[in-house]
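As a plain string of letters, each chain reads:
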Amino acid sequence: MSAIATMTPKRTARPAVGAPQRLVFGLTVLFVVVLLAATLTTDGFYSVQNIKAIVNAASLVGIIAVGMTYIVISGNLFSLSVGITAAVCAMTFLWALRFGMIAGIIITIAFGATVIGLQGLLVGYTGANPIIVTIGAGALQEAVATWISGGVSVYPPDGGPDYAFLAGPLLGIPFPVYVFAGVVIIGGIVLKRSTFGREIYLMGESPRAGRAAGLPITRLTTGAFVVTGICVAIAGILIGAFNQSGTLTATGTLTVDSISAVLVGGTAVVGGRGSVWRTAVGALIVAAIGDLLLLRGYSTPVQLLVLGLIVTTVVILSYVNSGQGRRA
Amino acid sequence: MPEPMRLEMREITKTYGNLRAVDAVSFDLAPGEVHALLGHNGAGKSTLVKILSGVVHPDSGQVLIDGVEVSPRNPRHAQELGVALVDQELSLVTVLTVEENLLLGSLRRSTGNSGSTSPEALRALLDDLGLSHVKLSAPTGNLPIGEQQLVEIARALSRDARIIILDEPTATLSELEIAKVFAAVRGLAAQGKSVIYVSHRLGEVLTLCQRATVFRDGKLVGTRNVAELDRSGIVEMMLGHVPESGRQGLAEVPANPEVVTITGLSVPPRIQSFDLTITGGQIVGLAGQVGCGASEVLRALGGLIPEARGTVDISGSRLTLGSPGRVRAEGVFFAPNDRKEEGLFLSHSIADNLVATRLPRLSGGGFIRKSLQSLNVNRLLALTGISAERRGTEVGSLSGGNQQKVLIARGIEQESSRMLLFDEPARGVDVGGRADIHELIRGAVAQGNAVLFSSTELDEILDLADIIVTMFAGRIVSIRSRAEATAASILTDMTHGSEVMSA
């Protein structure tokens, strides 16, 4: 849980430890202490059942957050439409099950990769602001999906393949947890070891230097979004399988939660730094906080409030710490 | 009693650390005079200008304006004292109108000086500068650069400046625009304003100025009436003695060198039909002052200027300009002149930076091969003389010289490379580091690559280039081999401008 301490984007090398660093360190320690104290004083937090629930809750958010990590590291901030795309992917999956299990999965992943990849292409090619592009794309998806579905839920076809295992437990652990682990491992290795991953880090660190060095900016940006699209589709499939029906409102706070997971894990907002492993830890922390508040009887709005405070603090601190906040 | 000088600077000294930027320099300026400040990069001109405009404070010495001793505390205070600096870099806000820019930061309202900011007064100012066709309500960004420069001058005048400092005002202008600036400067002098004219362009100085003061290495060389000077006289004063260092005679041309033919290269707005042939195995240096166009040529060849047109053939294959990625695929590697902003990935390691442009070559099946990367990094580190143990160090924490070495080394020793471009390869690097960087570049050329670099510094040109191409105002002035070039001939061509200036 020491992830937050090192999340600071170090744009310039600073040999001496300055006040901002001490502030970040202090707040991180405080955060960890409060969290630990809370877990120890909350009845039932350290039960097997509860830990399972936390990991399970972290899975869907975590899978999407792994994809989002690519976008953040590439220096393109966030996609703000992953929640709606996940919902549309769930609908797509349930509909496509009529072509069989494998076909359903492939169609859904291709759909997610295309929808989000196109947004990346737009951002990479034109240099448009990713926040605005993804908000627009989100509204567009919502409109088209409502139009096609007629506003009613999508259900799996009668007599279609059995997909229940996607939501059920395997060896006592929910299936999504295995998928989460797989996505983290593959996503982590690709980001750290592949040429594509390395170039994403470089581009995120400095788009201008990346351009001058001849890095394929458009291709890399599109690629980062495609990875997110694949992850969102996977999450969508799991959501569809769990709900056994698909509606546009099925994914709730997934977008905010996945962004929170990336940032709390310590991936720099400004790009160029971070990792999938950090995001996985971030997803678990976010889930643990939610669980903690639930066990202590706080309502959903309070959970959202606490998460919002943590994320805002993390973002502000990362700017203060990088020196960008002191431009005056 | 004789009228006091408009400006007197007496025995001004300013040191930065161990460096004496200006050393007991004196300088004066008469009312209605246009006075040139001349000297190499680092000669001390800009420090003097900064002292006068309140940006830096002298260690010792006196400044008198109209006989009254003053010490400009900051740019605003200098402005109150009647000193206006028109910088080389335009400081207009392009989204605002001309009128808004003229009023921006104006002191008049707060201090209640004489004069007026009425539209009529501003209109008259613009008319005087030959901008009668420009509306006060026009967005500044829509004006050509030359007219923007004139608006800057108008802004200086609207503040009742008595001393106007023009720092390289024509470096980025076309000939027509230069003529306008000249007319404006003459008009100012006729009104009794005093102008300090900082320029590398000797032709302009000879045409426009009454006196010229030359600096060298922070010291005053002398002040002369321009009427008594000619081009070679000024060059001699600027040069003093320049060691005729560098490589004499050419390196051996390797077998099968790359041949690069550039035909009709145009880079808007200033470079038209630029032609040059580069043979691999020889280092070609583009020599010229800031704004001569050398940097633009390199950037265009590096694929960084989408508007660039023209044909570039590398040993028979055609280069597609306008995309850095495509240009790199053809074996062209570009090192920009701004290592912090555009060159290096500062928070990444030395190793990451060294191989940033050759990752596909170190990969198999989409994944980086660690052993291959390691091999490359070690070889490059050995060439730069940076210890191999530091390979994991953040590049941002290195000294400027070592950072620059990493940037240069990134482009060399690649099997796929055919043309290497270095924009100011030793910018801001000390003498020792510069020698190492030149050594790296010489090593690259020995492998048959076509190598083109740019520099504004005479010493660097003489030290590194086998072929020296001098540029002025976007055009090639001369092409000489190192053996037939002299410091004086190169400097003369770099500061060339007689036919431009025939006023």
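Notes on the structure in this doc start here.

Scoring rules and cut-offs
- Residues numbered from 1 in each chain as written.
- Chains lettered and ligands numbered in written order.
- Predicted model: local features only at pLDDT ≥ 70, side-chain atom pairs only at ≥ 80, totals over all residues.
- Heavy atoms only, no water.
- Helix = DSSP H or I, 4+ residues; strand = E, 2+ residues; numbered from the N terminus.
- Rg over C-alpha atoms; globule rule 2.2 N^0.38 Å.
- Buried < 20%, exposed > 50% of the residue type's maximum accessible area, 1.4 Å probe, protein only.
- Areas by Shrake-Rupley, 256 points an atom, 1.4 Å probe, with all protein chains shown as cover.
- Pairing = 2+ DSSP bridges.
- Axes fitted to C-alpha atoms, helices over the stretch in contact; angles between N-to-C directions.
- Contact = heavy atoms within 4.5 Å.
- Salt bridge = Lys/Arg side-chain N within 4 Å of Asp/Glu carboxyl O.
- Buried area = accessible area lost by both parts, 1.4 Å probe.
- Polar contact = N/O pair within 3.5 Å; in protein donor to acceptor, adjacent residues only side chain to side chain.
- Nonpolar A, V, L, I, M, F, W, Y, C, P; charged D, E, K, R; others polar.
- Arc of directions from axis to C-beta.
- Core = buried A, V, L, I, M, F, W, Y, C linked by side-chain atoms within 4.5 Å.
- Domains from an automatic or database assignment.
- Expected span 1.5 Å × (residues − 1).

## Focus on the overall build of chain A
(1) Moving on: Counting its regular elements, chain A contains twelve helices and two strands.
(2) Moving on: Shown N-terminal to C-terminal, the secondary structure of chain A runs as helices and strands in the order α-α-α-α-α-β-β-α-α-α-α-α-α-α.
(3) Moving on: Taking 20 Å as the expected radius of gyration for a compact globule of 328 residues, we find that chain A reaches 20 Å, a close match to that expectation.
(4) Moving on: Dimensions of chain A, computed from the C-alpha atoms along their principal axes, are close to 65 × 55 × 35 Å.
(5) Moving on: Split into buried and exposed, the 328 residues of chain A put 52% on the buried side.
(6) Moving on: Summed over its atoms, the accessible surface of chain A is roughly 14,400 Å², and 71% of this surface lies on carbon and sulfur atoms.

## Side note on the sheet that holds strand S7 (residues 163–167) of chain B
All names here are of chain B.
(1) Moving on: On the basis of which strands lie adjacent, the open sheet formed by six strands has the order S6-S7-S8-S3-S9-S10 and mixed pairing. Each of the sheet's edge strands pairs with one partner strand only, and the pair in question is strand S6 (83–86) and strand S10 (219–225). Strand-to-strand twist in this sheet, taken as the mean axis angle between neighbours without regard to direction, amounts to 20 degrees.
(2) Moving on: For S7 and strand S8 (residues 194–198), the ladder comprises five bridges, and the chain directions are parallel. Pairing of Ile 164 across the sheet is with Val 195, part of S8.
(3) Moving on: Here helix H6 (residues 145–158) sits on the sheet and contacts S6 and S7; the angle it forms with S6, its principal contact strand, is near 170 degrees.

## Topic: the side chain of B:Ser53
Residues and elements named next belong to chain B.
(1) Moving on: If you trace the backbone, Ser 53 turns up in the loop between helix H1 (45–52) and strand S4 (60–65).
(2) Moving on: Judged by relative accessible area, which is 5%, Ser 53 ranks as buried.
(3) Moving on: Filtering out sequence-adjacent residues up to four positions away, Ser 53 remains in contact with Asn 74, Pro 75, Ala 78, Val 83 and Leu 85.

## Things to note about the pattern of salt bridges
All names here are of chain B.
(1) Moving on: Overall, the coordinates contain 24 salt bridges over all chains when judged by the stated rule.
(2) Moving on: Here Glu 330 and Arg 418 are joined by a salt bridge, their closest N and O atoms 3.5 Å apart. With Glu 330 in the loop between helix H11 (324–329) and strand S16 (332–335) and Arg 418 in the loop between helix H15 (400–411) and strand S19 (419–423), the pair connects residues that are 88 residues apart, well separated along the chain.
(3) Moving on: Judged by relative accessible area, Arg 418 falls into the buried class, the value being 18%.
(4) Moving on: Across the pair Asp 493 and Arg 480 runs a salt bridge whose closest N-O atoms are separated by 2.7 Å.

## Re the interface of chain A and chain B
(1) Moving on: Each partner contributes to the interface: chain A provides 25 residues, whereas chain B provides 30 residues.
(2) Moving on: A per-residue breakdown of the area chain A buries against chain B is headed by A:Arg198, A:Leu202 and A:Arg211, which together make up 25% of the total.
(3) Moving on: Applying the counting criterion to the chain A and chain B interface returns three salt bridges.
(4) Moving on: Among the ionic pairs, A:Arg273 bridges to B:Glu394, the shortest N-O distance being 3.2 Å.
(5) Moving on: Taken together, the links from chain A to chain B amount to eleven residue pairs in polar contact (both at pLDDT 80 or more).
(6) Moving on: Of all the elements in the fold, those that place two or more residues in the side of chain A that touches chain B are helix H6 (175–193), helix H7 (195–205) and helix H8 (207–212) of chain A.
(7) Moving on: For the side of chain A that touches chain B, the element with the highest residue contribution is H7(A), accounting for seven residues.
(8) Moving on: When grouped by side-chain class, the residues that make up the side of chain A that touches chain B number ten nonpolar, six polar and nine charged.

## A look at helix H5 (residues 119–128) of chain B
Residue and element names in this part refer to chain B.
(1) Moving on: What H5 keeps buried is the set Leu 122, Leu 125 and Leu 126. Buried residues along H5 cover an arc of 95 degrees about the axis, so they all sit on one side. Seen from the open side of H5, the exposed residues pointing more than 90 degrees away from its buried face are Glu 120 and Asp 128.
(2) Moving on: Of the surrounding elements, those touching the buried residues of H5 are helix H3 (98–103) and H6.
(3) Moving on: A positive backbone phi angle near 75 degrees is found at Gly 130, which sits one or two residues after H5.

## Here we look at the environment of B:Phe215
All names here are of chain B.
(1) Moving on: You can see Phe 215 is positioned in strand S9 (residues 211–216).
(2) Moving on: Note on Phe 215: relative accessible area 0%, which makes it buried.
(3) Moving on: As a C-alpha pair, Phe 215 and Val 49 span 166 residues in sequence and 13 Å in three-dimensional space.
(4) Moving on: With residues up to four places along the chain from it excluded, the contact list for Phe 215 reads Val 25, Leu 37, Leu 38, Gly 39, His 40, Ala 43, Lys 45, Leu 48, Leu 220 and Val 221.

## Notes on the pairing of S4(B)
Residue and element names in this part refer to chain B.
(1) Moving on: The pairing of strand S1 (residues 7–16) with S4 spans five bridges and is classified as antiparallel. Counterpart to Glu 8 in the pairing with S4 is Leu 64.
(2) Moving on: Strand direction decides the pairing type here: S4 and strand S5 (residues 68–70), joined by three bridges, are antiparallel. Opposite Val 63, over in S5, you have Val 70 as the bridge partner.

## Here we look at the nonpolar core
(1) Moving on: Counting 179 residues, the largest nonpolar core has A:Ile63, A:Leu166, B:Val98, B:Ile153 and B:Phe422 as its most contacted members.
(2) Moving on: Both of domain 1 (7–239) and domain 2 (259–497) of chain B provide at least three residues apiece to this core.
(3) Moving on: Not counting the four nearest positions on each side in its chain, B:Phe422 is found in contact with B:Leu298, B:Ala335, B:Ile408, B:Ile412, B:Ile441, B:Val451, B:Leu452, B:Phe453 and B:Ser454.
(4) Moving on: B:Val297, B:Leu298, B:Ile305 and B:Val469 belong to the second-largest nonpolar core, a separate cluster that totals 34 residues.

## Some words on the environment of B:Ser158
Residues and elements named next belong to chain B.
(1) Moving on: Looking at the secondary structure, you find Ser 158 in helix H6.
(2) Moving on: On the basis of relative accessibility, which here comes to 6%, the residue Ser 158 falls in the buried class.
(3) Moving on: Considered as a pair, Ser 158 and Val 181 are 23 residues apart in the sequence and their alpha carbons are 16 Å apart.

## What about helix H4 (residues 101–126) of chain A?
Residue and element names in this part refer to chain A.
(1) Moving on: With 26 residues, H4 should reach 38 Å at 1.5 Å per residue; the first-to-last C-alpha distance of 38 Å fits that figure.
(2) Moving on: Taken residue by residue, H4 has Met 101, Gly 104, Thr 108, Gly 112, Ala 113, Val 115, Ile 116, Gly 117, Gln 119, Gly 120, Val 123 and Gly 124 as its buried positions.
(3) Moving on: Phi for Gly 127, located one or two positions after H4, is positive at around 75 degrees.

Keep in mind these values describe shape, not function.
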